[in-house]
Amino acid sequence: MKRFLLRMAPALACLAPALVFSTGEVRAQAGPMLAMKKFPFDIQWIAVSLNNKPFPGERSERPTLSLDETLRVRGFGSCNTYSATAYPLQQQRFAVGPIALTKRECSKEVMAVEKLFLVALRTAQQWDTEEGKLVIVGQSGQLVFERTF
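Residues numbered from 1 in each chain as written. Predicted model: local features only at pLDDT ≥ 70, side-chain atom pairs only at ≥ 80, totals over all residues. Heavy atoms only, no water.

Focus on helix α2 (residues 108–122)
Every α-helix winds through 3.6 residues per turn, so residues three or four apart in the chain are directed the same way. Taking 1.5 Å of rise per residue, the 15 residues of α2 would be expected to cover 21 Å, and the 21 Å separating its terminal C-alpha atoms lies within 8% of that figure. Burial in α2 covers these residues: Val113, Glu114, Phe117, Leu118, Ala120 and Leu121. Buried residues of α2 fall within an arc of 160 degrees about the axis and therefore sit on the same side. Residues Lys108, Lys115 and Leu116 are exposed on α2 and point more than 90 degrees away from its buried face. (Helix = DSSP H or I, 4+ residues; strand = E, 2+ residues; numbered from the N terminus. Expected span 1.5 Å × (residues − 1). Buried < 20%, exposed > 50% of the residue type's maximum accessible area, 1.4 Å probe, protein only. Arc of directions from axis to C-beta.)

Structure, rendered in structure tokens:
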């Protein structure tokens, strides 16, 4: 067993930087100096736009998101509530695991908005905070959230 671990050590060392969570600080390249960013845990966010298109409907009908320090993301998708495990990683990378979702039925339009939101969230790859907003970017586009008060 000891020999196996010694042979695996170089491979694990290569993976380690990608697997470190940013429960504290994240280093982002900012010119010649490194800036530290901390993921905004335990804040309730409401979706503003997806790919620069505003979410339709009243504020209470728009998707929400909150990530706690146990790495559990929860929210409202527009019709159903959801939860998943989400990982803010080094260099402001972001990964979301499989999403658990309630099974409520809403109109086709609302369900379409929810699907677009959840696909964008599930395929997220990067996060950032800009001017008090949370921005999550992935294969399916850019989600922009503002803080709820």
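Notes on the environment of Leu101
By the element assignment, Leu101 lies in strand β9 (residues 100–101). Between the alpha carbons of Leu101 and Tyr82 there is a distance of 4.4 Å; along the sequence they are 19 residues apart. Once residues within four sequence positions are removed from consideration, Leu101 is found in contact with Asn80, Thr81, Tyr82, Glu114 and Leu118. (Contact = heavy atoms within 4.5 Å.)

Some remarks on the pattern of salt bridges
Going through the model one piece at a time under the given rule, you end up with four salt bridges. For Glu146, the salt bridge is made with Arg62, and the minimal N-O distance between the two is 3.9 Å. Separated by 84 residues along the polypeptide, Glu146 in strand β12 (residues 141–147) and Arg62 in the loop between β4 (53–54) and β5 (64–67) bring together distant segments of the chain. Assessed through its relative accessible area of 14%, Arg62 is described here as buried. Each of Arg59, Arg62 and Glu146 takes part in a single network of salt bridges with overlapping partners. (Salt bridge = Lys/Arg side-chain N within 4 Å of Asp/Glu carboxyl O.)

Notes on the state of the cysteines
In the structure shown here, the tally under the stated rule is one disulfide. Linked covalently through their sulfurs, Cys79 and Cys106 form a disulfide whose S-S length is 1.9 Å. Because the torsion about its S-S bond is 85 degrees, the bridge between Cys79 and Cys106 counts as right-handed. Of this pair, Cys79 sits in the loop between β6 (72–76) and β7 (81–88) while Cys106 sits in the loop between β9 and α2, and the two are 27 residues apart along the sequence. Relative accessible area serves as the criterion here: at 23%, Cys106 is assigned to the partly exposed category. (Disulfide = S-S within 2.5 Å.)

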